Amino acid sequence: MLALDGDFLQEMLTPREYPLVISGLSLLTPMVQATDPSITAKPFGTTSRGGKVTQHTLINAKGASVSIITYGGIVTSLKVPDRNGKLADVVLGFKTLSEYEKKSPYFGCLVGRYGNRIAEAEFTLDGHTYHLAINNNGQSLHGGLRGFDKVVWSATPTETKQGPSLKLTYVSKDGEEGYPGNLSVTATYTLTNKNELKLVFRAKTDKATVVNLTHHSYFNLAGQGSGDILGHVVTIHADEYTPVDQVLIPTGKIAPVKGTPLDFRKPMAIGDRIDTKDEQLKFAGGYDHNFVAAKLPGHLGLIAKVEEPKSGRVMEVISTEPGVQFYSGNFLDGTLIGKGGRVYGFRNGFCIEPQHFPDSPNHKNFPSTVLKPGEIYRNTIIYRFSTAKGIKN
Ligand code: BGC
């Protein structure tokens, strides 16, 4: 089968030629094909600090693929089939390392030590107040100025029974970004032969600290660069959420979703209620909220399901985490140009980030994010891809 990449063609041809050639070649669009699972590696540049970065591409037995770079553990591409077997890259991203370094809004990365916000960038643990880097409206967001998304991880590829796998490791030093304790982290991505992107985190510390790790792909199940995600139909298995203030810090309340535009217990298109008059939607400019997962804490359970009616692609999100941040890409503003040369406009991607609640270190009523020496931090996140014939919208 001739492997023709739409992104590549778009770069080679003029805007006038591209649609003509693409329509003529539509029969040659990459289709998913059973194959032997494989892992390949190639250089992906050098960071501004001199770190060499590698990109690994994992292909599973069904012919789906994921590319991951050692900088930030970033998923730079994820190709899964639509209902006709046609592959598309369903995550937003850049072509070059320097774009990831200079302007990424956390595209595809591993987030840590603390995913989401910590109010006024400080918390108190065992009587000591820790001051973190301030990087978001006076708050600390996603681990600070140089979080886990901006460091180079060590990588070990392995073929497993489940599918090709990449183990990433990083040791965050005591005091890094203001957090206590030397924290050793492993993040293992596996592209299973059931078309799941599975991410397993483990961490341990030598001093009490707080940990909240997650993954930050911006998805567009119709294909990255294909426009907004408002037609995607979302279900979130959550009866409650944690309301936020103007700077997106939780008020501390745990409120019912019932009767609000945050009620996704039944499938709803993202765009159906996103512009209704609602204080929570106004503060966030759309959806950017933590939902309380309706499942046993610590146990793997289905948290969310997203369906894209045109392509038929379906993504289920399964996780051990007590919460999930649903973010509708409200800060995308048309200034970023993606890997295929297309502009990423307002709400052109969405994130579903299973995690602990934001600002937990400052809220005793939220599940604890404290990790002590001798304990093992465990977190599993699975993005499971399939297709459906007819999806109601
Ligand atoms: C947060 C958003 C933030 C975005 C940064 C999301 O996880 O919820 O508020 O702007 O990350 O890209």
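Keep in mind the model is a prediction, meaning the values are calculated, not measured.

For sheets, the rule is that strands pair by backbone hydrogen bonds, running either parallel or antiparallel. If you walk across this open sheet you meet the five strands as 19-18-21-24-27, and the pairing is antiparallel. In this open sheet, the two strands that pair with only one neighbour each are strand 19 (255-256) and strand 27 (351-355). Two elements, strand 21 (residues 288-292) and strand 24 (residues 323-327), share five bridges in a ladder whose sense is antiparallel. Looking at the pairing, His289 lines up with Phe326 of strand 24.

This brings us to the site of the ligand. The environment of the ligand is formed by Pro105, Tyr106, Arg117, His142, His216, Tyr218, Leu248, Asp288, Gln325, Tyr327, Phe331 and Glu353. At 2.9 Å, a backbone N or O of Pro105 approaches an oxygen atom of the ligand. In the model, an oxygen atom of the ligand is placed 2.8 Å from a nitrogen or oxygen of the His216 side chain. In isolation the ligand exposes 310 Å². Once the protein is present, 95% of that is buried. Residue composition of the shell around the ligand, by class: six nonpolar, three polar and three charged.

Bringing the pairing of strand 22 (residues 301-307) into the picture now. Among the seven residues in strand 22, five count as buried, and that is most of the element. Pairing analysis gives four bridges linking strand 17 (residues 233-236) to strand 22, with the strands arranged antiparallel. If you follow Val234 over to strand 22, its bridge partner there is Val306. The sheet contact formed by strand 22 and strand 23 (residues 313-319) spans six bridges and is antiparallel. Of the residues in strand 23, the one forming a bridge with Leu302 is Ile318. The antiparallel hairpin formed by strand 22 and strand 23 contains five residues in its connecting segment, where Gly312 sits at a positive phi of about 80 degrees.

Here is what the cut-offs are and how they apply
Residues numbered from 1 in each chain as written. Predicted model: local features only at pLDDT ≥ 70, side-chain atom pairs only at ≥ 80, totals over all residues. Heavy atoms only, no water. Pairing = 2+ DSSP bridges. Helix = DSSP H or I, 4+ residues; strand = E, 2+ residues; numbered from the N terminus. Near = heavy atom within 4 Å. Polar contact = N/O pair within 3.5 Å; in protein donor to acceptor, adjacent residues only side chain to side chain. Areas by Shrake-Rupley, 256 points an atom, 1.4 Å probe, with all protein chains shown as cover. Nonpolar A, V, L, I, M, F, W, Y, C, P; charged D, E, K, R; others polar. Buried < 20%, exposed > 50% of the residue type's maximum accessible area, 1.4 Å probe, protein only.

Honestly, it's all geometry; don't read function into it.
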